[in-house]
Amino acid sequence: MLSSLLLFGLNGLVFAETHTIIQKDKKFSTDAVIVKLGDTLVFKNAEKDITHNVYSITPDNEFELKIQKPGTSTPILVDPKTHQPGEMLVECAIHPGMKVKVKVEK
């Protein structure tokens, strides 16, 4: 009986993932990514001398990294308490051509 409970408990585990989006040549490394609530998005500024300001103003999925200097990485937890399933548009306030769509799933 104990082994059945342990198996049931293990089957119910959910593993969060980390998704890294690199900023290079004033572009994101991808145009779109799918994440789940509980996952982490990491924005890595791989520029040599260019600063970025990554943000989302999508309702229920807002965040802003502020000034992100070259060589830095910043994680954003897609927290089920503050984020909702749906599409999030992420942009750079300094370079308006930089955009990535993030689909948030349960």
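Right, let's walk through the structure included here. Just so you know, these numbers come straight off a predicted model, no measurement behind them.

Secondary structure assignment for the chain yields 1 helix and 9 strands. Secondary structure of the chain in N-to-C order comes out as α-β-β-β-β-β-β-β-β-β. When each of the 106 residues of the chain is scored for burial, the buried share is 34%. Contacts in the chain between residues far apart in sequence, at least 24 positions, make up 53% of those at least 6 positions apart. Summed over its atoms, the accessible surface of the chain is roughly 6900 Å², and 58% of this surface lies on carbon and sulfur atoms.

We now examine the sheet that holds strand β1 (residues 18–24). The 4 strands lie next to each other as β2-β1-β4-β7, forming an open sheet whose pairing is mixed. Bordering the open sheet on either side are β2 (27–28) and β7 (73–77), each of which pairs with just one other strand. Where β1 meets strand β4 (residues 40–45), 6 bridges bridge the pair, whose relative direction is parallel. The partner of I22 across the bridge, within β4, is K44.

Of all hydrophobic cores here, the largest spans 18 residues; its most connected members are F28, L41, F43, F63, V90 and V102. For this core, the elements supplying multiple residues, two or more each, are β3 (32–36), β4, β8 (86–92) and β9 (99–105). Setting aside residues up to four positions removed in sequence, F43 forms contacts with I21, Q23, F28, V54, F63, L65, Q68, T72, S73, T74, I76 and V90.

The next subject is the environment of E47. Here E47 is to be found in the loop between β4 and β5 (54–56). Here E47 falls in the buried class, since its relative accessible area comes to 7%. Sequence separation between E47 and P70 is 23 residues; the distance between their C-alpha atoms is 5.3 Å. If sequence neighbours within four positions are ignored, E47 has contacts with Q23, K24, D25, K26, H52, P70 and G71.

On to the sheet that holds β9. Pairing within the open sheet is mixed, and its 5 strands lie in the order β3-β9-β8-β5-β6. Looking along the sheet, the strands with just one partner apiece sit at the ends: β3 and β6 (63–64). Strand direction decides the pairing type here: β5 and β6, joined by 2 bridges, are antiparallel. By the bridge assignment, S56 is partnered in β6 with F63.

Conventions we followed
- The residue numbering used here restarts from 1 in each chain and proceeds along that chain's sequence as written.
- Side-chain atom pairs in this predicted model are given and counted only at pLDDT of 80 or more, local residue features only at pLDDT of at least 70, and totals for whole chains, interfaces and linings cover all residues.
- As a rule here, side-chain values come from all non-hydrogen atoms in the structure, and water together with hydrogens is ignored.
- Strands are runs of DSSP state E lasting at least two residues, helices are runs of H or I lasting at least four, and both sets are numbered from the N terminus onward.
- With a 1.4 Å probe rolled over the protein chains alone, any residue whose accessible area is under 20% of its type maximum counts as buried; one over 50% counts as exposed, and the rest are partly exposed.
- The criterion used for residue contact is that any of the two residues' heavy atoms lie within 4.5 Å.
- Note on areas: these come from Shrake-Rupley sampling with a 1.4 Å probe, and a residue is covered only by the protein chains present in the view.
- Pairing between two strands is assigned when DSSP locates at least 2 bridges connecting them.
- We call a set of buried residues a nonpolar core when its members are Ala, Val, Leu, Ile, Met, Phe, Trp, Tyr or Cys and they connect through side-chain atoms within 4.5 Å of each other.

Coordinates in, geometry out; function isn't part of it.
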